[in-house]
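Residue-level listing of the chains:
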Amino acid sequence: MRILVFGRVGQLGSALAELLPSHHVVTFLDQPDVNLAKPETLPDLIRQIEPELVINAAAYTAVDKAESEPQLAELINAHAPRAMAKTCQTLGIPLIHYSTDYVFDGTASTPYTEEVPVAPKSVYGRTKLAGEEGVAKETDQHIILRTAWLYSHIGHNFLKTMLRVASEGKPLRVVDDQMGSPTFAWDLGMASVALVNALESGRDDVYGIFHATNAGVTSWHGFAQKIFELAKADQVDLTPIPTESYPTPAPRPAYSVLDSGRLNRVVGVKMPDWQDALTRCIARL
Ligand SMILES: NC(=O)c1ccc[n+]([C@@H]2O[C@H](COP(=O)([O-])OP(=O)(O)OC[C@H]3O[C@@H](n4cnc5c(N)ncnc54)[C@H](OP(=O)(O)O)[C@@H]3O)[C@@H](O)[C@H]2O)c1
């Protein structure tokens, strides 16, 4: 298939660049060749490439900064994917797009399925939800993968921050009352490839929203503990703290656990355990 991917340099884009099977003809678009803050430019860009599938791995992902840049976040996270979806609908091709646990309010105590009502509490969450809604409004041929706590050996993320701060010999205070599933971008990439394969084989029952995170649950503090154990940095001074001791501009969901069961039922993808994923990621650092 001819596949157009927006966003090659991010965590997910890097995974897709490695994982998309080589028989596909894949074009990646990044800044400055594309600026998602200018959604009106997207239809022509997409048409020029004549793709059979569009994947949007790009987004405004600075959760706290979004609180002070809501218009920019809205353009990139909501207007741009909607413009992509509209063009895909005109061309009769599918769109794979990504969203987040931040569409939920985080007050649940059991894993969120795709059907649970959304209630975002931050600018980032609201713009990502608007992106989901815009995509779904423009085309039925959409796949939206909601993920959470994404990290990788590439890019900026919690794993890299923990290892950097630890290498500086500084003590660390990490929240232990927010629960979620750390997700290796490569495993999200593998789930995406399974959906691309399903589309390539002509399946039309793989549309809609899927949750896709690594399996298992921990806190940010538990994630940090495991990082230091696997990275053999046992000497780190790591203290658990409550959320109220670490205020952030954007509120964080207390409970971010997503149920990835639909992904397993529809395309047979069983997301690996988060500790196994972390071991594989750290081996690549
Ligand atoms: N990171 C997480 O913890 C997390 C959690 C849940 C869901 N998600 C979702 O998962 C998806 C992938 O996230 P990620 O962590 O891989 O993101 P990322 O590493 O932050 O990468 C974002 C990508 O978007 C591109 N981008 C940003 N602004 C752009 C613009 N104006 N024009 C063109 N490209 C632009 C970036 O390119 P430049 O570097 O050139 O700006 C980069 O390629 C996103 O939809 C995100 O919302 C992420």
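Details of the structure are given in the entry above.
Because the structure is predicted, anything quoted here is derived from the model rather than measured.

Asker: Which residues make up the packing of helix α3 (residues 70-91) against helix α4 (residues 123-138), and what values do they have?
Answerer: For the pair α3 and α4, the least separation of the axes is 8 Å and the interaxial angle reads 15°. One finds that α3 runs roughly parallel with respect to α4. Once α3 is placed against α4, the crossing between them reads as right-handed. Here α3 contributes Pro 70, Ala 73, Glu 74, Asn 77, Ala 78, Pro 81, Arg 82, Ala 85, Lys 86 and Gln 89 to the contact with α4, which in turn contributes Val 123, Tyr 124, Thr 127, Lys 128, Ala 130, Gly 131, Gly 134, Val 135, Lys 137 and Glu 138. Among the residues making up the contact of α3 with α4, the classes are represented as nine nonpolar, five polar and six charged.

Asker: Now, about the pattern of salt bridges: what can you tell me, with residues and values included?
Answerer: Considering all chains together, one arrives at 11 salt bridges under this definition. The closest approach of N and O atoms between Arg 82 and Glu 138, which form a salt bridge, is 2.7 Å. Of this pair, Arg 82 sits in helix α3 while Glu 138 is found in helix α4, placing the two residues 56 residues apart along the sequence. One salt bridge in this structure joins Arg 280 and Asp 187, with 2.8 Å as the shortest N-O distance. Taken together, the residues span a long stretch of sequence, with Arg 280 in helix α9 (residues 274-283) and Asp 187 in helix α6 (residues 185-200) at a distance of 93 residues.

Asker: Give me the packing of aromatic side chains: which residues, what numbers.
Answerer: Scanning the model with the defined rule gives 11 aromatic pairs in all. A centroid spacing of 4.1 Å and a plane angle of 10° characterise the contact between Phe 104 and Tyr 112, whose relative ring orientation is stacked. Using a relative accessible area of 1% as the deciding quantity, one classes Phe 104 as buried. Residue classification places Tyr 112 among the buried positions, given a relative accessible area of 3%. Plain terms: the ring middles of Tyr 112 and Tyr 255 are 6.3 Å apart, the flat faces sit at 50° to each other, and that makes the pair tilted. Taken together, the residues Tyr 112 in the loop between β4 (95-100) and α4 and Tyr 255 in the loop between β12 (238-241) and α8 (261-267) connect sequence positions 143 residues apart. The structure contains a cluster of three or more aromatic residues connected by ring pairs, namely Trp 149, Tyr 151, Phe 158, Phe 184, Trp 186, Trp 220, Phe 223 and Trp 274. Over the ring of Phe 28 we find Arg 8; its NZ or CZ atom is 5.9 Å from the centre of that ring. Its guanidinium or amino end placed over the ring of Phe 210, Arg 262 lies 4.0 Å from that ring's centre, counting from NZ or CZ.

Procedures and definitions
- Numbering of residues begins from 1 in every chain and follows the order in which that chain's sequence is written.
- Local features in a predicted model are, by the rule used here, given only for residues with pLDDT of at least 70; side-chain atom pairs are given and counted only at 80 or more, and totals for whole chains, interfaces and linings are based on all residues.
- Side-chain numbers come from the whole structure's heavy atoms, not from hydrogens or water.
- Axis angles are defined between N-to-C directions and span 0 to 180 degrees, where every axis is a line fitted to C-alpha atoms and, for a helix, only to the segment in contact.
- Numbering goes from the N terminus for both helices and strands, where a helix is a DSSP run of H or I of at least four residues and a strand is a run of E of at least two.
- In these notes the angle categories are as follows: under 35 degrees is roughly parallel, over 145 is roughly antiparallel, 65 to 115 is roughly perpendicular, and the rest is oblique.
- Left-handed describes a crossing whose near helix is turned anticlockwise from the far helix through less than a right angle; right-handed describes the clockwise counterpart.
- By definition, residues are in contact when any of their heavy atoms lie within 4.5 Å.
- When residue character is reported, Ala, Val, Leu, Ile, Met, Phe, Trp, Tyr, Cys and Pro are called nonpolar, Asp, Glu, Lys and Arg charged, and the others, Gly included, polar.
- For this analysis, a salt bridge means a side-chain nitrogen from Lys or Arg found within 4 Å of a carboxyl oxygen belonging to Asp or Glu.
- Only rings of Phe, Tyr and Trp enter the pairing, Trp through its six-membered ring, and a pair is recorded when the two centres are within 6.5 Å. The plane angle decides the type: under 30 degrees is stacked, over 60 is edge-to-face, the rest tilted.
- Burial classification: accessible surface area is computed with a 1.4 Å probe over protein chains only, and a residue below 20% of its type maximum counts as buried, one above 50% as exposed, and the rest as partly exposed.
- A ring has a charge above it when a Lys NZ or an Arg CZ is no more than 6 Å from the ring centre and no more than 35 degrees off the ring normal.

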